[in-house]
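Descriptive structure summary
One letter stands for each residue in the lines below.
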Amino acid sequence: MSSRPPVCLVIGAGAGIGGTVGRRFAAEGYHAVLCRRSDQQGLDALVAEIQAEGGLASGFLLNAVEPDTIENLVTSTESTIGPIDVVVFNLGAQIGDRALLETSYKSFEMCWRLATFGLFRAATAACPIMAERGKGSFLVTSSTAAVRGNAGQHAHAAAMGGRRMLCQSLNAEFGPKGIHIAHILIDGAVDAPDTLGKMLGPDMFQALRETRGMEHDGLMLPDKIADTYWHLAQQHRSTWTHEMDLRSFTDRPWWNH
Ligand SMILES: NC(=O)c1ccc[n+]([C@@H]2O[C@H](COP(=O)([O-])OP(=O)(O)OC[C@H]3O[C@@H](n4cnc5c(N)ncnc54)[C@H](OP(=O)(O)O)[C@@H]3O)[C@@H](O)[C@H]2O)c1
């Protein structure tokens, strides 16, 4: 038996869901292995905050669409940090609304690479290792687009729908081997400065926070989302949740728009 603490590997760890979930698992005794594409400073700050709170964390910059990056991250985490007990696959693929003829082949393919193929690669690298130990959780952040296409969402919805189906197929194979795969549909806007914040720009994001966020609770708070991820990873295998949706109390659900 390894005496090293279990690892929570977060693929896509910004200041929103990814980093906050990693921080939550670190507070519960996990070694949080956090990766993101850019912003070394933000990554270092998050690692330092977790360590200052008495937790274990490591951070890596990588571009997950590059060949072998996810695979090498899994292998090196297992060999140098500890056994991966939880994977949080959190890469998004939202490129904003684009009409069909404004959706290039390249951007369509990039969404698939991030949302669908990225998950396939992470699962191919991590699931067999976890299955050998007979336990583990694979928590996959997803979005409304996984269950509902919409105007301008050709690339995003196709990629996220594929992600959802991949989760179901992974569950069928790896559930019986002890791996809990959960598809977590984030059905609304998150208070996430590194994704939604960048897409909207600082002024619009601040206005959104002031009108819907903060004390209004109309933006989903990463801390509260992290509670759900922690709960999922604790579920007994006789009652696993395979899919769930989260939305703010003021939002209408995806099927009611
Ligand atoms: N934010 C929302 O309103 C919202 C709504 C519905 C669903 N979601 C889902 O939530 C998840 C994202 O969570 P979040 O919005 O709270 O963001 P977050 O966890 O704050 O950040 C996600 C991180 O993913 C990283 N990333 C993106 N592309 C990458 C790549 N090629 N290689 C490595 N890292 C990469 C980004 O890194 P860099 O910043 O360094 O580039 C970003 O910081 C996605 O699955 C998305 O579909 C979000």
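Residues numbered from 1 in each chain as written. Predicted model: local features only at pLDDT ≥ 70, side-chain atom pairs only at ≥ 80, totals over all residues. Heavy atoms only, no water.

Let us now look at the site of the ligand. Around the ligand, 31 residues are found, and the nearest of them are Gly16, Ile17, Gly18, Ser38 and Thr195. Gly14 is positioned such that a nitrogen or oxygen atom in its backbone is 3.2 Å from an oxygen atom of the ligand. Ile17 places a main-chain nitrogen or oxygen 2.7 Å from an oxygen atom of the ligand. Taken by itself the ligand offers 890 Å² of open surface, and the protein chains cover 92% of this. Those elements giving two or more residues to the shell around the ligand turn out to be helix 1 (17–27), strand 5 (136–143), helix 5 (154–174) and helix 6 (196–200). Sort the elements by how many residues they give to the shell around the ligand and strand 5 lands first, with three residues. A per-class count over the shell around the ligand returns 13 nonpolar, 13 polar and five charged. (Near = heavy atom within 4 Å. Polar contact = N/O pair within 3.5 Å; in protein donor to acceptor, adjacent residues only side chain to side chain. Areas by Shrake-Rupley, 256 points an atom, 1.4 Å probe, with all protein chains shown as cover. Helix = DSSP H or I, 4+ residues; strand = E, 2+ residues; numbered from the N terminus. Nonpolar A, V, L, I, M, F, W, Y, C, P; charged D, E, K, R; others polar.)

Turning our attention to unusual backbone geometry. The phi dihedral of Asp39 falls on the positive side, at around 65°, and the residue is not glycine. Along the chain, Asp39 turns up in the loop between strand 2 (31–36) and helix 2 (40–52). For Asp68, which is not a glycine, the phi torsion comes out positive at approximately 70°. Structurally, the position occupied by Asp68 is in the loop between strand 3 (56–61) and helix 3 (69–80). For Asp68, a relative accessible area of 45% translates into the label partly exposed. (Buried < 20%, exposed > 50% of the residue type's maximum accessible area, 1.4 Å probe, protein only.)

Locating Thr141 in the fold gives a position in strand 5. In this view, Thr141 contacts Ile17, Phe89, Asn90, Arg163, Ile184, Ile186 and Tyr229; residues no more than four positions away in its chain are not counted. (Contact = heavy atoms within 4.5 Å.)

The final tally for this structure, using the stated rule, is 16 salt bridges. For Arg36, the salt bridge identified is with Asp39, shortest N-O distance 3.7 Å. Measuring nitrogen to oxygen at the nearest pair gives 2.7 Å for the salt bridge that ties Glu243 to Arg164. Placement of Glu243 in strand 7 (residues 243–246) and of Arg164 in helix 5 is noted, with a sequence separation of 79 residues between them. One network of salt bridges, with partners in common, ties together Arg36, Asp39, Asp194 and Lys198. (Salt bridge = Lys/Arg side-chain N within 4 Å of Asp/Glu carboxyl O.)

By size, the foremost hydrophobic cluster in this structure holds 42 residues, and its most contacted members are Leu9, Ile11, Phe89 and Phe138. Elements supplying a minimum of two residues to this core: strand 1 (7–11), strand 2, helix 3, strand 4 (84–89), helix 4 (105–133), strand 5, helix 5 and strand 6 (179–186). It is helix 4 that provides the largest number of residues to this core, a total of eleven residues. (Core = buried A, V, L, I, M, F, W, Y, C linked by side-chain atoms within 4.5 Å.)

On to the packing of helix 4 against helix 5. Where helix 4 contacts helix 5, the axes come no closer than 7 Å and their chain directions differ by 15°. Considering their axes alone, helix 4 and helix 5 lie roughly parallel with respect to each other. Of the two possible hands of crossing, helix 4 and helix 5 adopt the one that is right-handed. For the contact of helix 4 with helix 5, the per-class residue count stands at 19 nonpolar, five polar and one charged. (Axes fitted to C-alpha atoms, helices over the stretch in contact; angles between N-to-C directions. Parallel < 35°, antiparallel > 145°, perpendicular 65-115°, else oblique. Left-handed = near helix turned anticlockwise from the far one by under 90°.)

Turning next to the state of the cysteines. Should the sulfur atoms of two cysteines be covalently bonded, the bond is a disulfide. Within the structure shown, the criterion is met by zero disulfides. Note on Cys8: no disulfide assigned, nearest cysteine sulfur contributed by Cys35 at a separation of 11 Å. Looking at the unpaired Cys167, the closest cysteine sulfur is the one in Cys127, lying at 9.7 Å. Exposure remark for Cys167: the relative accessible area of 1% places this residue in the buried category. (Disulfide = S-S within 2.5 Å.)

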